[in-house]
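Topology and contacts: notes
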Amino acid sequence: MRLQDLPIQQKLMRTILLTCGLVLLLVCIAFYTYEFFTFRDSIRQQTRSIARVVAANSTAALAFESPNDAFEILSAFKAEPHVVAAGLYDANGNLFAKYPDSLPVSVFPPKPTENGYYFTSDYLNTFQPVMQKKDFLGVLYIKSDLKALNERLLLYSGITILFILLSFLLAYALSKILQASISNPILKLSKTASIISNEHDYTVRAIKHGDDEIGLLTDAFNHMLSQIETQNNQITSFNHQLEEKVRQRTMQLENANTELAVVNEKLLKSNKDLEQFAYIASHDLQEPLRKILTFSGLVEKGLPVDDSTHDYIHRIKQSAERMTALIQSVLNYSRISRVEEEKERVDIEEVVRSILIDLELSLAEKKGVVNIGKLPVIQGNKLQMAQLFFNLLSNSLKFSDKEPVVNITSEIVNGQQLAYYPTAVKDEKYARISFSDNGIGFDQEYAAKVFSIFQRLHNKQQYPGTGIGLALCKKVVENHDGFIEVKSREGEGTTFIIYLPLHSSAD
Amino acid sequence: MVSRLMLLLLLAAVLLQPHTLSAQTAPAKEFQIKAVFLFHFTQFTQWPATTFADANAPIVIGILGDNPFGAFLEKVVSGETVNGRSIIVTRFTQPDQIKTCHVLYVCRNMHDKLSEILSAVEKKSILTVGDDDDFLKKGGMIRFALKNDKIKVQICPAAVKKTDLIISAKLLAVAEIYKTETN
């Protein structure tokens, strides 16, 4: 287990014990070392003092060659149990007297070495010169046993170890008691925290134990809790308000939707009614008109041409004919709107060519020229397509002040290029049919108006027409899920662009 | 110390080659030891300052009688100093020749004149040393006694006390103390 993963209790415990142990150990080592050296030194000093006294006392014995006296002097070492051997060497370096007397000569160094002292593992060897005044008489040798030192150091070691053990135990017991005062509040705090996070009860508060750092932490914790509680309440109330608002808005929307649906329903119904009305009205209007036409024709034939009545009747007949055409147009328009006819394969080029045959006379009369490029084959209604191109071509022939020239071309474009039409299908391929003339044209600002029903840009006398033609064209293109647009400039001609889906995937 | 070592070497040479040396320079071993002892006495004895002419005046060892040391004693003391004083040896053949000296060795041949000699120097702070059996009895201070072939120093403290001399307790410790019957 890593140190940082240990519980705080153990961390504290270890810290205290480690610190105590280390300090104790260092103190003991210092104490031991101090004792070792001071004791050694004191033994040395002591021996040296004794050696000096004995050496001073030995001068006469050496000077007057009295080994008995020398032995007597050396016998004083009886009082010093740690002196295991002592010897006097004369000026020539020969052993003169030894203590104890029983000790063999081999124990002593054959010759005194340099004055001073040296330690071996168990003994201290001291050499002290014997001088009378300044005259060198010999050397005193003392061999001290360090057993006492070693025994004392051993005793110290024992005491030290015992002391360390006892201190350690005491430190352990104390730290066990003391660490509780630090770790318990922390444990309680963390317990409180876990209760709060588990039960999401932010009304709980931690109990403060004192004014120390943990007390501050507890305060901060409690403060945080009260803030969380306040914010929680705010968030909850905000949520409620929001929910209420959403509910209200949803209700309003639903109401509006319902109203819209109702209005839509009404609109659809009225639209249908209107178309129905237009159809019925137009259909029923034809009957009396036919009678007006028939009988005005009969009256016209029976009257001489120079009779003024003839002219009136002729005018009535003309008006009736125009009205018939009008009604027919309205009928066509409403039929396109009403009837969903079956789609078939339509070759636009073929359609255009058959229209050219129908309009052969008008073209010849106006000396018009129609250039046809390659035109596509589409899925659609042949009759409606014929109506579309018939209306466009009639328009071009009608709104011209010179010999009309019409160009019809086409190309294939992707649905993506028609992104400005929201209903355009991106994956679909469209035929782009361009239909341009060199007629009188109109100002581009009227471009949207030209496709409206009964909308006329020019007066009836100069350019006769019903005002339905282009509206019908738009209707046909839209019936085929296509788009029509116009570009024009006054006096420079007009270009209609028709996009028709190829429904190639359906082939 | 160097001179002492040289002396010892010389002594060894004397002992090893007796034939090449004259009787004068090679005294008996007994007297060699006695000569060294005489020198040592100067180390263990304290004379009053009045006995010296000045601070550097030498300690004088006087030999009265037929001089058994030859030149050996001079060799022993040559180069040695005691309390900064050198040691010189003077010889007297007759008691009336005795002049200022600090140690007076009385030879055996002065046996008959002992009382006269000793009473003459009694109060002069002279350390008297002799071999004669009656030397201490007649008022001498230190006597060389032969015991078991060893030279033993005998001291009569009573005789010393009459003078201003101070003999080291250490010397007294190794010496045999002679007590006069009168004391």
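Residues numbered from 1 in each chain as written. Chains lettered and ligands numbered in written order. Predicted model: local features only at pLDDT ≥ 70, side-chain atom pairs only at ≥ 80, totals over all residues.

Description of the interface of chain A and chain B
Listed per partner, the contact involves 14 residues of chain A and 15 residues of chain B. Sorting the residues of the side of chain A that touches chain B by element identifies helix H1 (8–63) and strand S5 (135–145) of chain A as the ones contributing at least two each. For the side of chain A that touches chain B, the element with the highest residue contribution is H1 of chain A, accounting for five residues. The class makeup of the residues in the side of chain A that touches chain B is six nonpolar, five polar and three charged. (Contact = placed C-beta atoms within 7 Å. Helix = DSSP H or I, 4+ residues; strand = E, 2+ residues; numbered from the N terminus. Nonpolar A, V, L, I, M, F, W, Y, C, P; charged D, E, K, R; others polar.)

Observations regarding helix H2 (residues 67–74) of chain A
All of the buried residues in H2 of chain A are Asp69, Ala70, Ile73 and Leu74 of chain A. With its buried residues spanning 140 degrees around the axis, H2 of chain A presents them on a single face. Where H2 of chain A is buried, its residues contact H1, strand S1 (83–90) and strand S2 (95–99) of chain A together with helix H6 (169–174) of chain B. (Buried ≥ 20, exposed ≤ 12 C-beta atoms within 10 Å, placed from the backbone. Arc of directions from axis to C-beta.)

Quick word on unusual backbone geometry
Comment: phi is negative for the bulk of residues other than glycine, and the bulk of peptide bonds are trans. Residue Pro100 of chain A follows Tyr99 of chain A across a cis peptide bond; omega there is -10 degrees. As for its placement among the helices and strands, Pro100 of chain A is situated in the loop between S2 and strand S3 (116–119). Here the phi dihedral of Asn148 of chain B falls at roughly 50 degrees; this positive angle occurs in a residue that is not glycine. With respect to the helices and strands, the residue Asn148 of chain B is situated in the loop between strand S7 (142–147) and strand S8 (150–155). When the 5 C-beta atoms within 10 Å are taken as the criterion, Asn148 of chain B is described as exposed. Notably, Asp149 of chain B is not glycine yet its phi reads approximately 65 degrees, a positive angle. By the element assignment, Asp149 of chain B lies in the loop between S7 and S8. Under the C-beta neighbour-count criterion, Asp149 of chain B is labelled exposed, with 6 such atoms within 10 Å.

Examining the packing of H1 of chain A against H2 of chain A
Residue and element names in this part refer to chain A. Relative orientation of the contacting elements H1 and H2 amounts to 165 degrees, with a least axis distance of 8 Å. For the element pair H1 / H2, the angle class is roughly antiparallel. Pair H1 / H2 crosses with right-handed handedness. Where H1 abuts H2, its residues Val54, Asn57, Ser58, Ala61 and Leu62 lie against Asp69, Ala70 and Ile73. Residue composition of the contact of H1 with H2, by class: five nonpolar, two polar and one charged. (Axes fitted to C-alpha atoms, helices over the stretch in contact; angles between N-to-C directions. Parallel < 35°, antiparallel > 145°, perpendicular 65-115°, else oblique. Left-handed = near helix turned anticlockwise from the far one by under 90°.)

Description of the sheet that holds S8 of chain B
Residue and element names in this part refer to chain B. In spatial order, the strands read S3-S4-S2-S5-S6-S7-S8-S10; together these eight strands make up an open sheet with mixed pairing. Here the strands that pair on one side only, and so sit at the sheet edges, are strand S3 (81–82) and strand S10 (176–177). Pairing of strand S6 (residues 127–130) with S7, which is carried by two bridges, proceeds in the parallel orientation. Bridge pairing links Val129 to Ile142 in S7. Sheet strands in contact with helix H4 (residues 114–121) are strand S2 (59–64), strand S5 (103–106) and S6, and its direction is about 175 degrees off that of S5. (Pairing = 2+ DSSP bridges.)

Points about helix H4 (residues 213–302) of chain A
All names here are of chain A. End to end, H4 covers 127 Å across 90 residues, agreeing with the expected 134 Å (1.5 Å per residue, within 8%). Its axis deflected by about 25 degrees at Glu287, H4 carries its strongest bend there, up to four residues before the proline Pro288. The buried fraction of H4 is low, at three of 90 residues. Along H4, the residues that are buried comprise Ile214, Thr218 and Ser296. (Expected span 1.5 Å × (residues − 1). Bend = angle between axes of the 7 residues up to and from the residue.)

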